[in-house]
Amino acid sequence: MGRGGPRSRSADAEPARVSRLAAVDIGTNSVRLLVADVDGSGRDAKLDTLDRRMRITRLGQGVDRTRSLAPEAIGRTVDVLREYRRALDEHGVERMRATATSAARDATNRDEFFTPALDALGIEPELLSGEEEAGLSFLGATADLDAPGPYLVVDIGGGSTEFVLGTTAPVGLVSVDIGCVRVTEQFLHSDPPAPEELSDAVSVVRDHLADVEHAVPGVADAATLVGVAGTVTTIAAIEQGLAEYDRDRIHHFRLSKAAVEDVFRTLATETAAQRAHNPGLEAGRVDVIVGGAIVLVTIMRALRFDEVLVSEADILDGLVRSLT
């Protein structure tokens, strides 16, 4: 064909455009940010992380008891959202999603948070249902997973825990009101927690897990248990004795049930002052990590999993992928 003849469509095709996207996850215990350059769409998208941050603000302080967001908790959280807005502007983010989860779902005065949050962040956070939260966590945690399915993705938050079963897409999911902050505020009042407090907490979590097995048949038969969010990553960091957090050593670390039991026993028998010296335990989690460990260890006992695959990819990654 001559030089002036028609060219193939592939030769003229524009190169795929990389989008700069972001997500903000406003949870019961922490507020997190992800900024990424994204090539592709959905589960197949390639994410190049530019900025990933986490700040513990305890938005859900006292919500389980009062059903109301405390003014000081709102203030702490809005301050972090202002910090994140500056980061979004510095990175030149094109599109973003911001979401609020368990604490905001439970609070009767959530508008007292959403109004200043809109002012600080530039967009009003979406109030996710537990089921929406679960689906996004599944998308984020399983997109780059090289492990046998079906997966049971467990997202232990501050106020709720999401359970999602599936391989390439969820086939069953449920959100239950157990989380590190909620369990701590309801049951763990002594320092260290009294044996009967620990026993009561484990018993209630077991009751919730019976509801999970009823709502999502087959959860105990999943080939791979995948754990996401701060409780699971913190226990993995403590097990490895990481004096400084190392995402590469946490992501896809295989945490055995024996190791989870050992970390739980250690943390549960220490005072808060003693617990604070464990490498890998952030100061903002010292008072709630035992509550989170109760949730994880009870899940592994009740559903008979010998290990959990720890994932640093979670709802943030799912939110970013949902924008493609």
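In what follows, the structure referred to is the one given above.
Here the structure is a predicted model, which means the values were calculated and not measured.

A. View of the layout of surface pockets. Put simply, the largest pocket is a space of about 710 Å³. In this structure, the largest pocket is lined by 38 residues; those nearest its centre are Ser 30, Arg 32, Met 54, Gly 230 and Arg 285. Elements with a contribution of two residues or more to the lining of the largest pocket: β2 (30-39), β3 (46-56), β6 (151-156), α9 (230-240) and α14 (315-322). Of the residues contributing to the lining of the largest pocket, the split by class is ten nonpolar, 16 polar and twelve charged. As a volume, the second largest pocket reaches approximately 160 Å³. Taken together, Ala 45, Lys 46, Leu 47, Thr 49, Arg 52, Gly 140, Asp 144, Arg 247, His 251, Ala 313, Asp 317 and Arg 321 form the lining of the second largest pocket. If you list the elements that add at least two residues to the lining of the second largest pocket, you get β3 and α14. Counting residues per element, the lining of the second largest pocket draws most heavily on β3, which supplies four residues.

B. Summary view of the sheet that holds β6. Reading across from one edge, β8-β7-β6-β9-β11-β10 is the order of the six strands in this open sheet, with mixed pairing throughout. Strands with a single pairing partner mark the edges of an open sheet, and in this sheet they are β8 (170-176) and β10 (254-256). With strand direction ignored, the average angle separating the axes of adjacent strands in the sheet is 25°. In this structure, β6 lies alongside strand β9 (residues 224-228), joined through five bridges in parallel fashion. Residue pairing in the sheet places Asp 155 in a bridge with Val 228 of β9.

About the thresholds
In this convention, every chain numbers its residues from 1, walking through the sequence in written order. Under the rules for a predicted model, residues below a pLDDT of 70 receive no local features and side-chain atom pairs below 80 are neither given nor counted, while totals for whole chains, interfaces and linings still include all residues. Excluding hydrogens and water, the side-chain values take into account all heavy atoms of the structure. Any residue with an atom within 4 Å of a point lines the site, the site being either a cavity, points on a 1 Å grid over the protein atoms alone where a 1.4 Å probe fits but cannot get out, or a pocket, an open set with protein on both sides within 12 Å along at least 5 of 7 lines. Grid points are joined across faces, edges and corners, and a volume is the space filled by probe spheres set on the points. Secondary structure elements follow DSSP: runs of H or I no shorter than four residues count as helices, runs of E no shorter than two count as strands, and numbering proceeds from the N terminus. Gly is put with the polar residues, along with every residue not named as nonpolar or charged; the nonpolar set is Ala, Val, Leu, Ile, Met, Phe, Trp, Tyr, Cys and Pro, and the charged set is Asp, Glu, Lys and Arg. Only strands joined by at least two bridges in the DSSP assignment are considered to pair. Angular values range over 0 to 180 degrees, each being the angle between N-to-C directions of two axes fitted as lines to C-alpha atoms, with helices fitted over their stretch in contact.

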